[in-house]
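Tertiary structure, described
In case you want the letters, here they are:
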Amino acid sequence: MPELPEVETIVRACRPQLVGRRIRGFSSSWRRNVSPSAARVKRELTDRLITGVERRGKLLIFHLEDDAHLLLHLRMSGRLEWADQPDGTPRHVRAVWKLDNGRQCLFCDPRKFGTITYTRDLASATAGLGLEPLGPSFTARALGCILHQRQRQLKPLLLDQSLIAGLGNIYTDETLAAARLHPLTRSNTVTDPQVVRLHRAIRRILRFAIRLHGTSVDWIYPGGRMQRHLTVYGRTGQPCRRCRTPIVSFRVGQRGTHICPKCQPAPVQR
DNA sequence: TGAATTGTTATCGT
DNA sequence: AACGATAACAATTC
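Below you will find a few notes about this structure.

Criteria and cut-off values
- Residues numbered from 1 in each chain as written.
- Chains lettered and ligands numbered in written order.
- Predicted model: local features only at pLDDT ≥ 70, side-chain atom pairs only at ≥ 80, totals over all residues.
- Heavy atoms only, no water.
- Pairing = 2+ DSSP bridges.
- Helix = DSSP H or I, 4+ residues; strand = E, 2+ residues; numbered from the N terminus.
- Axes fitted to C-alpha atoms, helices over the stretch in contact; angles between N-to-C directions.
- Contact = heavy atoms within 4.5 Å.

Taken in spatial order, the four strands make up an open sheet running E1-E7-E8-E6, and their pairing is antiparallel. The open sheet has two edge strands with one neighbour each: strand E1 (23–28) and strand E6 (79–82). Averaged over all adjacent pairs, the angle separating strand axes in this sheet is 20 degrees, with direction ignored. Direction of pairing for strand E7 (residues 93–99) relative to strand E8 (residues 104–108): antiparallel, over a ladder of five bridges.

So this is what it looks like as structure tokens:
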């Protein structure tokens, strides 16, 4: 479940392998998830230079020469691999890029929810994404506006990529716990000091998670160390690190949600 | 075997 | 009517 820190980690790892390389071939039999079409993408990519690799929210973006861009969304289980790994060819390969140095970059995704999108209009392709939580425009004031302008439950609001881009289930639970806010709190009732706390928690936890290369979750995403520092996510029944109260989980929307019932008291009115 | 998993989209309700 | 909540969906593993 790559969220912002995991995608950032992947971007940093694959950037030196990709930037400055020329794509010699692309193949994918993944009709449903490659847009506009695998054939068209192959045509557009072949012999194009990769000029940069960046992240926007949870999107991985290959910048190509001539103002073209390839957007990868890993969704639940997508990952990038290389064909020449010592431990054999990865499974669940959905797309392959052949590079001019002979290496092959693989898009692997057992659940097939990921997407590959070619576009020449990056602005409109990313128009639906909200603020970058680690960017300069994501201030406590900006977060306060987002919260106070609507009356939504905090957790679904934080998960809404059109408002803030990059938080997923793990980091919303973690940031709400750090800010000691209950996930069902109405966004318009959050006080200014709470806004500041939440803002600080989001930035601190995302930065810290990036430093640890993200959270490794079961078999899908290996390599990170953040899971050792999670305070509520996946810790149902275990004692809160602050007050020893057992962590409780329940459902918000249809997402698993984890809180310390003592540190994150339920909102008074619904 | 069914529960769990995520983001998007469609639908329902207030 | 606009907003917010909810359900369905994609596919696979355990």
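A word on the sheet that holds strand E9 (residues 115–119). One open sheet accounts for five strands, arranged E2-E9-E5-E4-E3; its pairing is mixed. Looking at the sheet topology across the chains shown, the edges are occupied by strand E2 (34–35) and strand E3 (50–56). Bridge count between strand E4 (residues 59–64) and strand E5 (residues 68–73): six bridges; the pairing is antiparallel. The residue bridging Leu59 from the neighbouring strand is His73, located in E5. Sitting on the sheet, helix H1 (residues 4–18) is in contact with E3 and E4, with an inclination near 170 degrees to E3. With respect to the sheet, helix H2 (residues 38–45) is in contact with E2, E4, E5 and E9, its orientation differing from that of E9 by roughly 55 degrees.

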